[in-house]
Amino acid sequence: MVSNPSRQPECGPSTPGGYVLRSDLTIHPEPAWLQLIFWGRRVLAAQSRRYRIGTNILLNVSPENIRIQLPDGSVREVPKGTTPLDVANGISPRLAAAVVVAKIRPLTTATTETAATETGSEDAMYAAHESGERLVDLSAPLNEDVALWLLKEDAPEALKVVRHSAAHVMATAVLELFPETKLGHGPATDAGFFYDFYREKPFTPDDLEKIEQRMAEVVARDEKFVREYEPREQALSEFKANGDFMKQHFVEKFTKDGEQVSLYKNGRFVDFCRGPHVPSTGRVKAFKVMNLAGAYWLGDENNPQLQRVYGTAFYNKKDLEAHFKHLEEIKARDHRVLGKQLDLYSIQEVAGSGLIFWHPKGGIIRKTMEDWMREECLRRGYNLVFTPHIMKRELWKISGHDGVYSKDMFPPMELDDAEYRVKPMNCPGHILIYKSTPKSYRDLPARYAELGNVYRFERSGTMHGLLRVRGFTQDDAHIFCTPDQVKGEIEACLDFAESVLKTFGFSEYRVELSTRDPNKPGEFFGTADDWAHAEGALKEVLVGRGLSFQTFPGEAAFYGPKIDVKLVDVLGRLWQLSTVQFDFNLPRRFELEYVGEDGERHQPVMVHRALFGSVERFFGVLIEHYAGAFPLWLSPVQIGLVPISEKHHAYAEQVKQKLEAAGLRVELDLRNEKMNAKIRDFTLQKVPFVLVMGDKEAASEAVSVRTRGVGDQGSVSLAEFMTRAQRLLESKSPTL
């Protein structure tokens, strides 16, 4: 049906099949809520990357209908080719103006968890995800039955789309200013976005200012983001002719022969990208170019060095300003700065990068952490074990690490009897302990726990304080059990992980499930049936506990799938720490056995788990979470004693002895300094309690209490203060 056949159709968005469709929207109250009148245009002329030229042909289109399910559960029937923006307009023009991007899920696809890819990864940028839940442009034609969400500014996914669009705006600005530049990729990140550029001449701070100014011009031009397609061979030829070696690599890696390549255009700028994007550059309203860093192409130091320009973007200037205030708070909590100020640890360059020296105060906190962990392990039925730091290379060949993990291990050492390698993990050592004596089903589960030092070859420039190091202590455990026991053991590991987070003051966490990529079988050991069984067991436990989780295909360890528990700190940042991994591979490679109830030999199932992740990384997170103001039970100095004058030294010594006898860590300041100077020094060291003692306190066996973050709380009896402090210690309160 044609509402106005005398009017010539206008050019609309392109489709892969070479048709251009335009829709005029008419709202009908009944019975169909939406009716679209299509004008068609067949593209007959040659297609180029930047323009598509066609000849108008008037068509009466009677498309088949599709079903669209809205978040309230209602289902609407609309013609194929309807866009999310059409739907939004049909509901409310105000909604259409507020929508940033759409999310769809085929109605034929049932999902119990959300599939995801790592933020900022190449897969997130280029890999096709045509099934399951995904984001699409508002202008994307819908050609199948889908559940549809129209995402506004309050949706986290929408902000990432804005940031990815901002990366395209940045790349547009860079090419306009420095046309010799070659493009890498520009993903959104949790904090903003970046774009990798190859340019022989380094960018300067003045260049970054120019880039930001030109970005503002691109935004002001309000150029539409238009998705177009061209044959793979044509795209490769054009990128190769232009010297765009990185774009050529991405097309070769993420598309196949005969496929159409997805391109996004704004103005004269074109980029290989699967999107989605905001409707136009004008929707990138508040942004900032942040800083510059180096990054090797494909992470290989033998490849050209790229210039990575970081930026961030928000919906408005208010949110942008709040972000920078947040960054200032992060800077104030930097564990590298606080570690030095509080004399907790150091990294000595003469000894090597990424190697941690624990100072006395940091050592006390470490001991407290490790003591708690060991006691909990014993209480939960683990056996404590210790394994060597180096082992024969042959062992790592049997485990598979010498092949798959070799680039992350330190090079072999040739000794008089064999080659040895420093251990990157503890599991082969625990396997040898298990294998040293025969096992029956009555011995299982066998749980071995170790706070073992391991060493991994992190590249220069990737180390970051305590958070990424070359030598660290892993609170590792390996559980050997029967197949019937594995779900219960995974459940117990998650209970243990939750206890760790709660005890150390974290109330929020997120769960991720990493699975095998079935398209890359060579990267993962074991059969498809093994992986299906292992992934099913982990999913069953997560669903049974009522935990929401995201699934990350391809992110599993080479020997099995895993569950990652990421804590959320006081600033809302995610930290990867606890992990539970299923392993059917190593028991097979080491020929592990147990005698079953039937008298036959069976292969045990192996579960890896680490809850701190590493002591160093967890400690770094604790420093930043508490801003160095640790709760009483973790503080290296729990109480500072300040006698007002020399005549009060004797009483202060008595107080110190009583507090230490009660199990408290005390520091007495007997320096010839004024009282206020001593109090200030303890305050700068973030000591939880400072007790001041003068004539009045000495006469009544009392102390004048100053509490961190509160101030002077007046005099109380020493006995009363000791009771309060001991209760805080016993409860492991995270508040002080």
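Residues numbered from 1 in each chain as written. Predicted model: local features only at pLDDT ≥ 70, side-chain atom pairs only at ≥ 80, totals over all residues. Heavy atoms only, no water.

### Considering the overall build of the protein chain
(1) Moving on: Of the regular secondary structure elements, the protein chain holds 21 helices and 36 strands.
(2) Moving on: Burial statistics for the protein chain: of 736 residues in total, 50% are counted as buried.
(3) Moving on: In the protein chain, 70% of the contacts between residues at least 6 apart in sequence involve partners at least 24 apart.
(4) Moving on: For the protein chain, the exposed area adds up to about 34700 Å²; of that, 50% sits on carbon and sulfur atoms. (Helix = DSSP H or I, 4+ residues; strand = E, 2+ residues; numbered from the N terminus. Buried < 20%, exposed > 50% of the residue type's maximum accessible area, 1.4 Å probe, protein only. Contact = heavy atoms within 4.5 Å. Areas by Shrake-Rupley, 256 points an atom, 1.4 Å probe, with all protein chains shown as cover.)

### Let's talk about a nonpolar patch on the surface
(1) Moving on: Residues Leu378, Leu384 and Phe386 make up a contiguous nonpolar surface patch of roughly 320 Å² in combined accessible area.
(2) Moving on: Within the secondary structure, Leu384 sits in strand β19 (residues 383-384). (Patch = residues over 30% accessible without salt bridge, like charges linked within 9 Å, V, L, I, M, F, W, Y side chains within 5 Å. Salt bridge = Lys/Arg side-chain N within 4 Å of Asp/Glu carboxyl O.)

### A few points about helix α19 (residues 675-684)
(1) Moving on: Taken together, the buried positions of α19 are occupied by Ala677, Lys678, Ile679 and Phe682.
(2) Moving on: Next to the buried residues of α19 lie β32 (639-643), β33 (666-668), β34 (689-693) and β35 (702-707).
(3) Moving on: Positive phi shows up at Lys686, right after α19, with a value of about 60°.

### Describing the packing of helix α6 (residues 232-241) against helix α7 (residues 245-254)
(1) Moving on: The geometry of α6 relative to α7 is characterised by a closest axis approach of 8 Å and an angle of 160° between their N-to-C directions. One element, α6, and the other, α7, form an angle in the roughly antiparallel class. Both α6 and α7 take part in a crossing whose hand is left-handed. Counting all contacts with α6, which are made through Arg232, Leu236, Phe239 and Lys240, the residues of α7 involved are Lys247, Gln248, Val251 and Glu252.
(2) Moving on: Partitioned by chemical class, the residues of the contact of α6 with α7 number three nonpolar, one polar and four charged. (Axes fitted to C-alpha atoms, helices over the stretch in contact; angles between N-to-C directions. Parallel < 35°, antiparallel > 145°, perpendicular 65-115°, else oblique. Left-handed = near helix turned anticlockwise from the far one by under 90°. Nonpolar A, V, L, I, M, F, W, Y, C, P; charged D, E, K, R; others polar.)

### A word on the sheet that holds strand β13 (residues 260-266)
(1) Moving on: A sheet is described by the order of its strands in space; here three strands give the open sequence β12-β13-β14, paired in antiparallel fashion. Bordering the open sheet on either side are β12 (226-231) and β14 (269-272), each of which pairs with just one other strand. Between one strand axis and the next, the sheet turns through 35° on average, direction left out of account.
(2) Moving on: The pairing of β12 with β13 spans six bridges and is classified as antiparallel. Its bridge partner lying in β13, Glu228 is registered against Leu263. (Pairing = 2+ DSSP bridges.)

### Considering the pairing of β34
(1) Moving on: Counting buried residues in β34 gives five out of five residues, a clear majority hidden from the surface.
(2) Moving on: In β34, alternate side chains face the same way, and those of Phe689, Leu691 and Met693 on one face and Val690 and Val692 on the other are all buried.
(3) Moving on: The sheet contact formed by β32 and β34 spans five bridges and is parallel. Within β34, the residue paired with Pro643 across the bridge is Met693.
(4) Moving on: Pairing analysis gives four bridges linking β34 to β35, with the strands arranged antiparallel. Its bridge partner lying in β35, Leu691 is registered against Val705.

### Remarks on the side chain of Thr503
(1) Moving on: Turning to its location among the elements, Thr503 is positioned in helix α14 (residues 486-503).
(2) Moving on: The class for Thr503 is buried, based on a relative accessible area of 15%.
(3) Moving on: From its side chain, Thr503 meets the backbone oxygen of Ser499 in a polar contact 2.8 Å long.
(4) Moving on: Leaving out residues up to four positions away in the same chain, Thr503 has contacts with Trp372, Trp633 and Lys732. (Polar contact = N/O pair within 3.5 Å; in protein donor to acceptor, adjacent residues only side chain to side chain.)

These figures capture arrangement, not role.
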